[in-house]
Amino acid sequence: MQNENEHGNENSPHQHEHPAAQVADTAVAARTAAAQDSGASGPAAAGATARGASSQATQPGPGASARGAATGGAGSSRAVATPDRIKRAPKVLLHDHLDGGLRPATIVELARENGYDGLPETDPAKLGVWFREAADSGSLPRYLETFAHTCAVMQTRDALVRVASECARDLAADGVVYAEIRYAPEQHLEDGLTLEEVVEAVNEGFRDGERRAAEAGFRIRVGALLTAMRHAARSLEIAELANRYRDLGVVGFDIAGAEAGFPPTRHLDAFEYLKRENNHFTIHAGEAFGLPSIWQALQWCGADRLGHGVRLIDDIEVAEDGTVTLGRLAAYVRDKRVPLELCPTSNLQTGAAASYREHPIGLLRRLHFRVTLNTDNRLMSGTDMSSEFGHLVDAFGYTLDDMEWITVNSMKSAFIPFDERLAMINDVIKPGYAELKAEWLFRPATGRPAVASPSAG
Ligand SMILES: O=c1[nH]cnc2c1ncn2[C@@H]1O[C@H](CO)[C@@H](O)[C@H]1O
Ligand SMILES: [Zn+2]
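Residues numbered from 1 in each chain as written. Chains lettered and ligands numbered in written order. Predicted model: local features only at pLDDT ≥ 70, side-chain atom pairs only at ≥ 80, totals over all residues. Heavy atoms only, no water.

J.: Whenever I open this one, the UniProt feature "binding site: Zn(2+)" (unreviewed entry) in the protein chain confuses me. Can you help?
T.: In the numbering used here, UniProt assigns the "binding site: Zn(2+)" (unreviewed entry) feature to His 95, His 97, His 284 and Asp 376. Sequence-wise these annotated residues cover 282 residues; spatially they are packed, their C-alpha atoms never more than 11.9 Å apart. Its place among the elements puts His 95 in strand E1 (residues 91–97). Beyond its immediate stretch of four places on either side in the chain, His 95 contacts Glu 180, Arg 182, His 284, Gly 307, His 308, Glu 341, Cys 343, Asn 374, Thr 375 and Asp 376. With respect to the secondary-structure elements, His 97 resides in strand E1. Taking the relative accessible area as the measure of exposure, His 97 reaches 10% and is therefore buried. Among the polar contacts listed, one links the side chain of His 97 to the side chain of His 284, at a separation of 3.2 Å. (UniProt positions renumbered as here; feature names shortened; annotations may be inferred. Helix = DSSP H or I, 4+ residues; strand = E, 2+ residues; numbered from the N terminus. Contact = heavy atoms within 4.5 Å. Buried < 20%, exposed > 50% of the residue type's maximum accessible area, 1.4 Å probe, protein only. Polar contact = N/O pair within 3.5 Å; in protein donor to acceptor, adjacent residues only side chain to side chain.)

Below is the structure:
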């Protein structure tokens, strides 16, 4: 039983997220790293690190958490991630764009109300398909073109309130308990709103959505990340805006948009300002462009997290015999526990990965990077958190224990205060998974004796 609650190094908040967290985290990470560094630089851990896509190979430590599921017997189904359990399991989302997650029917209605006649389809179902297909382009710039339509209908206070409220409710209904939702205020000024009015409208929508979700029996908390567009020149202004609305619903800052040709160092003044203010930020890096972008985001800009970061795989070498070698940058990212906001479905659409099975998340998770799982754009990718987890269950045999490990990673990496992250982990996430894993204890009796009674013989 003890083993069922051990999830390896990243997933023991009782040990690693209390005030001694940094020390404990580092100590245990060091042990793992020691075990894996022998694999990273030599043959010893080859089998453990690159054996392939089996869930066993993904298990972090001695308390292999999928054991119950793997060995059969009375508890064999306790950690199996069925679609129903995936949905009910508490989930955390750190990378999701507000303007990439509208309900198709809402887009149609808002377009009608606001006189936007540029939609490619006016039937909601067809429009949803259009977004998925148009985004399925194999290129980030073309993927991003689809946002012209969502931003076009998000130009009024009422529209922003509605979209934000629906966002919170949709996530809550999918079992998300904590989300950081990003958007670029500068893209919502066409009809005369000020940057402040945009932020306040979105915040109002999130509060409304949280309240209505609670009325429907779902608990969710949503924080906003303010994004600056990397091709534009307003990043310092947006960073100042994020700082002004800190503790008022905005929890951090981001830059997004086409990556190639727009290095994050263009926005150094914004990042330096935020660092001076002790504020938090993430940077889209390592999605459409590779290692230099990740390196700049971390070592020049000082990002707390990497939006995507999936191209870090270019700095990891897996030899034919399975030996794994980390380059200096990949080693730094793992050593420093830099959170990777991975978004598999989005990566498949923009061409950053070929299939779920080949998506670097499998290897990165086995190598104990600080992996988090995200949706990026639920509308363009036709996805939600449950679907993303479902894909990983299919591709890698992930169990509820893997889900819990990833979810705890995400919560640890959130931008809200430490005590709140800790309480979320200990009082919401852990109990949620424990409850799901205890369900086998209360399954209906079969009515047949499992073993013949002695008197029968
Ligand atoms: O995966 C992505 N990579 C880079 N930029 C993105 C991605 N998804 C969305 N956006 C950009 O972020 C803006 C604010 O939310 C969106 O309008 C879109 O242009
Ligand atoms: Zn994104």
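J.: Would you mind going over helix H16 (residues 328–335) with me for this structure?
T.: When we look at burial in H16, the residues that qualify are Leu 329, Ala 330, Val 333 and Arg 334. Looking straight down H16, one finds that the buried residues subtend no more than 135 degrees of arc, so they occupy a single side. Looking at H16, the residues exposed on the side facing more than 90 degrees away from the buried face are Arg 328 and Asp 335. A positive backbone phi angle near 55 degrees is found at Arg 337, which sits one or two residues after H16. (Arc of directions from axis to C-beta.)

J.: Before we go on, may I ask you to explain the pairing of E1 in this structure?
T.: As a general feature of sheets, a regular strand has side chains that alternate between the two faces. A large share of E1 lies buried, amounting to 7 of its 7 residues. Where E1 meets strand E2 (residues 176–183), 5 bridges bridge the pair, whose relative direction is parallel. Counted as the bridge partner of Lys 91 is Val 176 from E2. (Pairing = 2+ DSSP bridges.)

J.: Looking at this model, I keep getting lost on the UniProt feature "binding site: substrate" (unreviewed entry) in the protein chain. Mind explaining?
T.: Within the UniProt annotation, "binding site: substrate" (unreviewed entry) is assigned to His 97, Asp 99 and Gly 257. Spanning 161 residues, the named residues form one tight spatial group whose C-alpha atoms are at most 12.6 Å apart.

J.: What is the right way to look at the coordination of the zinc ion (ligand 2) in this model?
T.: Ideal geometry at a metal centre: 109.5 degrees between donors when four sit tetrahedrally, and 90 or 180 degrees when six sit octahedrally. Within the protein, the zinc ion (ligand 2) binds to His 95 (NE2), His 97 (NE2), His 284 (NE2) and Asp 376 (OD); these donor distances fall in the range 2.1 to 2.2 Å. Metal-centred angles of 84 to 172 degrees between the 4 donor atoms at the zinc ion (ligand 2) mark the site as irregular. Here the donor residues of the zinc ion (ligand 2) are spaced in sequence according to H-x1-H-x186-H-x91-D. Placement of the pair is His 284 in strand E5 (residues 281–285) and Asp 376 in the loop between strand E10 (371–373) and helix H19 (378–381), with a sequence separation of 92 residues. You'll find His 284 and Asp 376 in the same group, each marked buried. (Donors = N, O, S within 2.8 Å, 3.2 Å for Na, K, Ca; no water. Tetrahedral: all angles 85-135°; square planar, octahedral: opposite > 155°, others 65-115°.)

J.: Just to check I follow, could you spell out the sheet that holds strand E4 (residues 250–256) for this structure?
T.: The strands making up a sheet associate through backbone hydrogen bonding, with each pair oriented either parallel or antiparallel. Across the sheet, 8 strands lie side by side as E1-E2-E3-E4-E5-E6-E9-E10; this open sheet has parallel pairing. Unpaired on one side and paired on the other, E1 and E10 mark the two borders of the sheet. Between one strand axis and the next, the sheet turns by 25 degrees as a mean value, whatever way the strands run. Pairing geometry for strand E9 (residues 340–342) and E10, over 3 bridges, is parallel. The residue of E10 that forms the bridge with Leu 342 is Leu 373. (Axes fitted to C-alpha atoms, helices over the stretch in contact; angles between N-to-C directions.)

J.: How do you make sense of the site of ligand 1 when you look at a structure like this?
T.: Surveying the vicinity of ligand 1 reveals 16 residues, the closest of which are His 97, Asp 99, Gln 187, Glu 287 and Asp 376. Between Glu 287 and ligand 1, the recorded distance is 2.8 Å, taken from a side-chain N or O atom to a nitrogen atom. Alone, ligand 1 offers 420 Å² of accessible surface; in the complex the protein occludes 98% of this. (Near = heavy atom within 4 Å. Areas by Shrake-Rupley, 256 points an atom, 1.4 Å probe, with all protein chains shown as cover.)

J.: I keep staring at the pattern of salt bridges and nothing clicks. Help me out?
T.: It is possible for side chains bearing opposite charge to pair when their charged atoms get close. Using the criterion set out here, one finds 25 salt bridges in the structure. With a shortest N-O distance of 2.7 Å, Asp 170 and Arg 103 are connected by a salt bridge. Taken together, the positions of Asp 170 in helix H11 (residues 157–173) and Arg 103 in the loop between E1 and helix H7 (104–114) put the pair 67 residues apart, joining distant regions of the chain. Three or more residues joined by partner-sharing salt bridges are found here, namely Arg 103, Glu 109, Arg 162, Glu 166 and Asp 170. (Salt bridge = Lys/Arg side-chain N within 4 Å of Asp/Glu carboxyl O.)

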